[in-house]
Amino acid sequence: MREYDFIVVGSGIAGLSFALRAAEHGTVAVLTKREAERSNTAWAQGGISCVADPEDSFESHVADTVGAGAGLCDEAVVRTIVEAAPGAIAGMVEQGVAFDRENGGFRLGKEGGHDHRRILHARDTTGLEISGKLLAAARACGRIDLLENHFAIDLITTAKLGFASEDRIVGLYALDEGGGEIVTFRSDRVALCTGGCGRVYLYTTNPDVATGDGVAMAYRAGAAVANMEFVQFHPTCLYHHERKNFLISEAVRGEGGVLIGADGAEFMSKHDPRASLAPRDIVARAIDGEIKRTGAPCVYVDISHRPKDFIASRFPNIYQTCLSLGIDAATQPVPVVPAAHYQCGGVRTDVDGRTGIRGLYAIGEVAYTGLHGANRLASNSLLEGAVVAGRALDHMVEHEPPGASLRDYSVPEWVSGDAEDVDELVVIYHNWDEIRRLMWDYVSIVRTNKRLQRAATRLQNLRREVQEFYWNFKICSELLELRNLVETASLVVDCARRRRESRGLHYTLDFPEAGGSGPPRDTVMTRG
Ligand code: SIN
């Protein structure tokens, strides 16, 4: 049994920003299921949005965010986060994050749905720059226990322990993969910063750690989860048999890249006046339609009209990676397809990251604050992670005194019973593949009632099977990921089935219009 003043699960921008500030107030453990470098943040290419040009304004950033969000953004939340952006950026710069600069200010990029240039970036590896600097600071700080290869299994709450009092967090169980032990962690203050669930889909721009762990854990613990039907498909993932999840950043289109079909013709202006820089839901749907209409396996981003030196210096990672695969972006168009990219829904919180379980906060992609609504505006997510992390810490310090639950509730250690080692990992891998394929085939960019129903039935059977494994076999990370994956995929499908309209990222042929006369509503799921 180990006790901390703060426990953080996840080592992306949200988790590390939170931990660095929490360390000023007490003991901190950051649990991360693999090496701390492996987060969605580290893979972010494009950047982080912030009003930094005198010609730009908070009003405009708010309007663009709310416009992309298709009626579901919480405008007060949007405003709070947008207005906090300059402070969050200053904090990162203080930690050593080196954003690209020009003429004495930040060099600003443009992405889909933004009316102004307002994307701060570090070439095309912005996330790596941010997470590298935050991680170095966390390692150097001396007051943060960075526990790698610690896979959080389940949250421990007073309700789960059978107490009738107000439901509050008292800790969590985690698998220490090094020692093979299950460790009980005690804390009154837990920040879930586990990122999203891109890996529930066959094709994704996400790293393999993105298996929906935080959403699944919070849901099992009784927290409300909202709007999981809004999965954002990035329009331009590289189409190549060797590199299936490499992103061609939207910033490439921001610098003049044009989407063209297999016939070489530009097609986006038929769909939206903003053409290749329309918001992602519109672009991804148009590409999906183009691919289906022509039977071609992909479309292309063409930036070959820009000078080679510009492309190679502004997008060194993209340029070199493509080149290593035989594609020279300076002389030829780059083949792309849409792929699952960002979970816009998540554990329902307020703008301070508070869930309905006292002491449990969710921050970043794992959470639904109301910032993204039905469709996230590009480069708003790193911003949300950084801003809400600071607010959550302030809220916790003010309202959640440490030690109360440690005194009042005893927590049992984990009991493994007579569980056996998994004898055939192939069964786990098979189920994993089946989930990802059925989600891709039945629950991706264009949906129908029939496909969703089919997915729901299959997932129900898979859930039953995975539950059996869970109770009968010794815990291993593959089994934990499968359990979370099936839970999260089911939430996506269940939310999608409840939304009987098309809105933002959720598009269904059975209800092609935005529905109803009342105000648009969130889809909220709580474990019954
Ligand atoms: C990109 O570089 O296109 C991704 C940026 C984002 O998802 O916000």
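Below: a short report on this structure. The residue numbering used here restarts from 1 in each chain and proceeds along that chain's sequence as written. The model is predicted, so local features are restricted to residues of pLDDT at least 70 and side-chain atom pairs to those at 80 or more, both for listing and for counting; the totals for chains, interfaces and linings are taken over all residues. Water and hydrogen atoms play no part in the side-chain values, which are based on all heavy atoms of the structure.

## With respect to the nonpolar core
Put simply, a nonpolar core is a bunch of buried Ala, Val, Leu, Ile, Met, Phe, Trp, Tyr and Cys residues held in one set by side-chain atoms that sit within 4.5 Å of each other. When accessible area is computed with a 1.4 Å probe and restricted to protein chains, residues below 20% of their type maximum are described as buried, those above 50% as exposed, and intermediate ones as partly exposed. Leu-155, Leu-172, Phe-185, Tyr-201, Met-439, Val-443 and Leu-459 are the most contacted members of the largest nonpolar core, which has 67 residues in total. Numbering goes from the N terminus for both helices and strands, where a helix is a DSSP run of H or I of at least four residues and a strand is a run of E of at least two. In terms of residue count, the dominant contributor to this core is helix α15 (residues 477–498) (ten residues). We call two residues in contact when some of their heavy atoms are within 4.5 Å. When neighbours within four sequence positions are excluded, Val-443 is seen to be in contact with Tyr-201, Phe-233, Leu-438, Leu-452, Ala-455, Val-492 and Val-493. Counting 50 residues, the second largest nonpolar core, distinct from the first, contains Ala-88, Ile-144, Ile-363 and Met-396.

## What to know about the site of the ligand
If a single non-hydrogen atom of a residue is within 4 Å of a molecule or strand, that residue counts as near it. Taken together, Gln-45, Gly-46, Glu-111, His-234, Leu-247, Ser-249, Glu-250, Arg-280, His-341, Arg-376, Ala-378 and Ser-379 form the complete shell of residues around the ligand. Between N or O atoms, a polar contact is any pair within 3.5 Å; within protein, one atom must be a potential hydrogen donor and the other a potential acceptor, and residues adjacent in sequence are included only when both atoms are from side chains. Contact distances for the ligand include 2.7 Å between an oxygen atom and a side-chain N or O atom of His-341. Using the Shrake-Rupley algorithm and a 1.4 Å probe, accessible areas are obtained, with residue cover drawn only from the displayed protein chains. Burial of the ligand by the protein amounts to 94% of the accessible area it has alone, namely 250 Å². Residues belonging to the shell around the ligand are distributed by class as follows: two nonpolar, six polar and four charged. Amino acid classes used here: Ala, Val, Leu, Ile, Met, Phe, Trp, Tyr, Cys and Pro are nonpolar; Asp, Glu, Lys and Arg are charged; the rest, including Gly, are polar.

## Brief notes about helix α1 (residues 13–22)
Burial analysis of α1 places nine of its ten residues in the buried class, which makes it a mostly covered element. Those residues of α1 that fall on the buried side of the exposure criterion are Ile-13, Ala-14, Gly-15, Leu-16, Ser-17, Phe-18, Ala-19, Leu-20 and Ala-22.

## A short note on the sheet that holds strand β7 (residues 108–109)
Note on pairing: DSSP must find at least two bridges between two strands before they are called paired. Spatially, the three strands line up as an open sheet ordered β4-β8-β7, and their pairing is antiparallel. The outermost strands of the open sheet, each flanked by one partner alone, are β4 (48–49) and β7.

## Quick look at the packing of aromatic side chains
Any two of the Phe, Tyr and Trp rings considered here, Trp counted by its six-membered ring, make a pair once their centres fall within 6.5 Å; the pair's planes then place it as stacked at under 30 degrees, edge-to-face at over 60, or tilted in between. Applying the stated criterion to the full structure yields eleven aromatic pairs. Each ring, one from Tyr-173 and one from Trp-414, has its centre 5.2 Å from the other, and the planes form 70 degrees; the classification is edge-to-face. Residue Tyr-173 is found in strand β11 (residues 169–176), and its partner Trp-414 is found in the loop between α12 (404–408) and α13 (425–442); the two are separated by 241 residues along the sequence. A relative accessible area of 23% places Trp-414 in the partly exposed class.

## As for unusual backbone geometry
The phi dihedral of Arg-123 is positive, around 45 degrees, even though this residue is not glycine. The exposure class assigned to Arg-123 is partly exposed, which follows from its relative accessible area of 32%.

## Some thoughts on a negative patch on the surface
A cluster of acidic residues, Asp-418, Glu-420, Asp-423 and Glu-424, forms a negative patch on the protein surface. Structurally, the position occupied by Glu-420 is in the loop between α12 and α13. Here Glu-420 falls in the exposed class, since its relative accessible area comes to 52%. In this scheme, patches are assembled from residues that exceed 30% relative accessible area and form no salt bridge. Like charges are connected within 9 Å, while nonpolar side chains (Val, Leu, Ile, Met, Phe, Trp, Tyr) are connected within 5 Å. In what follows, salt bridge is the name for a side-chain nitrogen of Lys or Arg lying within 4 Å of a carboxyl oxygen of Asp or Glu. The convention is simple: Lys and Arg are positive, Asp and Glu are negative, and His and the chain ends are not counted. Think of each charge as sitting on NZ of Lys, CZ of Arg, CG of Asp or CD of Glu.

## With respect to the environment of Gly-179
Summarising the element assignment, Gly-179 is placed in the loop between β11 and β12 (181–186). Overall, the relative accessible area of 49% leaves Gly-179 in the partly exposed class. Separated by 30 residues in the primary sequence, Gly-179 and Asn-149 place their C-alpha atoms 9.7 Å from one another.

## Remarks on the packing of α1 against helix α5 (residues 126–141)
Inter-axis angles, ranging from 0 to 180 degrees, are taken between N-to-C directions of lines fitted to C-alpha atoms, where helices are fitted over the stretch in contact. One can describe the packing of α1 onto α5 by two numbers: an axis separation of 10 Å at closest approach and a directional angle of 30 degrees. The crossing of α1 and α5 is left-handed. In this structure, α1 uses Ile-13, Leu-16, Ser-17 and Leu-20 to contact α5, whose residues at the interface are Ile-130, Ser-131, Leu-134, Leu-135, Ala-137 and Ala-138. The residue inventory of the contact of α1 with α5, partitioned by class, reads eight nonpolar, two polar and no charged. It is the rotation of the near helix from the far one that decides the hand of a crossing: anticlockwise by less than a right angle makes it left-handed, clockwise makes it right-handed.

## Some points on the side chain of Thr-211
On the secondary structure map, Thr-211 appears in the loop between β13 (190–192) and α6 (213–221). Residue class for Thr-211 comes out buried when judged on its relative accessible area of 0%. A polar side-chain atom of Thr-211 sits 2.8 Å from a polar atom in the side chain of Lys-33. A distance of 2.8 Å separates a polar atom in the side chain of Thr-211 from a polar atom in the side chain of Asp-213. For Thr-211, the contacting residues outside a window of four places in its chain are Lys-33, Gly-196, Cys-197, Arg-199, Trp-432, Glu-481, Asn-484, Leu-485 and Thr-488.

## A word on the pattern of salt bridges
Opposite charge on two side chains permits them to pair, given that their charged atoms come into close proximity. This structure, assessed with the given rule, holds 38 salt bridges. Salt-bridge contacts for Arg-458 lead to Glu-434; the nearest nitrogen and oxygen are separated by 3.6 Å. With Arg-458 in helix α14 (residues 449–472) and Glu-434 in helix α13, this residue pair connects regions lying 24 residues apart in the sequence. You can call Glu-434 partly exposed: its relative accessible area is 25%. Salt bridges sharing common partners tie together Asp-154, Arg-220, Arg-463, Arg-483 and Glu-487.

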